[in-house]
Each structure stands twice: as structure tokens, then as C-alpha cells.
Amino acid sequence: MKKVLFILSLLLLIGCKSKTGGNKTEDLKISKVLATEVNNSQQKKAYDLGKRVLLTCNTSKFKPFNETEVTPSVMANTTEERLTKTCQKFRQWYGAFKDLKLDGVYKTKHETIYRYRALYEKKVANKELRVYVNEDNLISAIKSLDWDETFESKVIEK
């Protein structure tokens, strides 16, 4: 009898899964923000900081971020050394950075994503810059990627 109870208890423990704090599908949903709903001061901040990062490639001088602009993790990861390494590749392949062109503004449960097309001297450049702004109005991530034409298919229409 004790063996049966032990085996049943063991099966019960194995069958029960603990809940993890993983991403819920609700947290991953991306929706497009209408032009009338865009926070203009937040958009300007995202543009200015994104442009500041990419202009480093032209000038080789980077004005470090401060705690009123970005999260501590972005501040720690955006160093002049890392930017210089990336910029060497970008200048060689794409030429000088010109400007950012806003392609769209998107919202997740916790962040606003500003998606820019990065314009370079050479026409072969097909890059994008995504600037993520959290609920505290701080830049929580800056990502440079190859342009993704399928990004819109991941967006849920309101």
C-alpha cells in the first residue's frame, strides 16, 4: 500500500508543471499606432537618439547617453568601442549615414517601437533602425537590422 501511495505521489509531482514567468502571447502582440495617436515628443526623442547613434559612424565621436534618456542596460551596451566596431563595417559597406526616415510606429503591451529606414550614401544599403521606448519614456533598446519587408505581416490591425 505504501508503495502504491509513493508511486501515485511521484506521478502527481511529475504531472504538475510549475508556471513560469515566460512571455504570454498577449505581451508579444504588435499593433500599429495611428498617426494621430503618436506622442510627438517621444517620437522626436527616439529620432534624435537613433540619429545620434548612427551619426557616430560619420564623426567618430559619440556623446554618451544619460539616465534620463535610456535604460541602464542600453547605457551599458552603447559604448564608443562597440559603436566604432559596428561603424567600421557600416561605412565600408553602405557609405556615410545620411538620415532616418520614419516608416511606422508600433505598440506592444509594454513598449512603443519606432521603425526607421536608415538612409546611407550607397544605394545598396537596405537597413532599418528600431528604437524601443518603454513606459517610463526611456529608450529600452536600439536595434540595427536588415530591412524586413515582412514586418507588417506580424502586426495586428486595430
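Computed from a predicted structure; not experimentally measured.

This paragraph deals with the nonpolar core. By size, the foremost hydrophobic cluster in this structure holds 25 residues, and its most contacted members are Leu-54, Phe-65, Leu-100, Tyr-114, Tyr-116, Tyr-120 and Val-131. Of all elements in the fold, only helix 3 (40–59), helix 5 (80–94), strand 2 (97–107), strand 3 (111–120) and strand 4 (127–134) reach the threshold of two or more residues within this core. In this view, Val-131 contacts Ala-46, Gly-50, Thr-112, Ile-113, Tyr-114, Tyr-116, Ile-139 and Ala-141; residues no more than four positions away in its chain are not counted. Counting seven residues, the second largest nonpolar core, distinct from the first, contains Ile-113, Tyr-132, Ala-141 and Val-155.

Right, let's talk about the pairing of strand 4 for a bit. With eight of eight residues buried, strand 4 lies mostly within the body of the structure. Judged by which residues are buried, strand 4 turns out to be covered on both faces: Lys-127, Leu-129, Val-131 and Val-133 on one side and Glu-128, Arg-130, Tyr-132 and Asn-134 on the other are all buried. Of the strand pairs in this sheet, strand 3 and strand 4 are connected by eight bridges, and their pairing is antiparallel. Bridging from a neighbouring strand, Ile-113 pairs with Tyr-132 of strand 4. The hairpin turn running from strand 3 into strand 4, its antiparallel successor, is six residues long. Inspection of the sheet shows strand 4 paired to strand 5 (residues 139–146) by seven bridges, in the antiparallel sense. If you follow Arg-130 over to strand 5, its bridge partner there is Lys-143. The turn joining strand 4 and strand 5, which pair antiparallel and follow one another in sequence, is formed by four residues; a positive phi near 65° is taken by Asn-137.

Quick look at the sheet that holds strand 1 (residues 30–32) now. If you trace the six strands from one edge of the open sheet to the other, you get 5-4-3-2-1-6, paired in mixed fashion. Unpaired on one side and paired on the other, strand 5 and strand 6 (155–156) mark the two borders of the sheet. With nine bridges connecting them, strand 2 and strand 3 associate as antiparallel partners. Opposite Lys-101, over in strand 3, you have Arg-117 as the bridge partner.

Glancing now at the state of the cysteines. Per the counting criterion, the structure on display carries one disulfide. What pairs with Cys-57 in a disulfide is Cys-87, and their sulfur atoms sit 2.0 Å apart. Taking the sign of the S-S torsion, about -70° here, the bridge from Cys-57 to Cys-87 comes out left-handed. Here the residue Cys-57 occupies a position in helix 3, and Cys-87 occupies one in helix 5, the gap between them amounting to 30 residues. Across the pair, Cys-87 and Cys-57 agree in class, each one buried.

Rules used throughout
What you see as residue numbers is a count from 1 along each chain, following the sequence as written. pLDDT decides what is reported in this predicted model: residues at 70 or higher carry local features, side-chain atom pairs at 80 or more are listed and counted, and totals for whole chains, interfaces and linings draw on all residues regardless. The basis for the side-chain values is all heavy atoms of the structure; hydrogens and waters are excluded. Each nonpolar core is a collection of buried residues, namely Ala, Val, Leu, Ile, Met, Phe, Trp, Tyr and Cys, held together in the definition by side-chain atoms within 4.5 Å. Partly exposed describes any residue whose relative accessible area lies between the buried limit of under 20% and the exposed limit of over 50%, with all areas from a 1.4 Å probe on protein chains only and scaled to the type maximum. Helix numbers and strand numbers start at the N terminus; a helix is a DSSP run of H or I with at least 4 residues, a strand a run of E with at least 2. Two residues qualify as a contact provided that any one of their heavy atoms is within 4.5 Å of a heavy atom in the partner residue. The criterion for strand pairing is that DSSP finds at least two bridges linking the strands in question. Our working definition of a disulfide is a cysteine sulfur pair at a distance within 2.5 Å.

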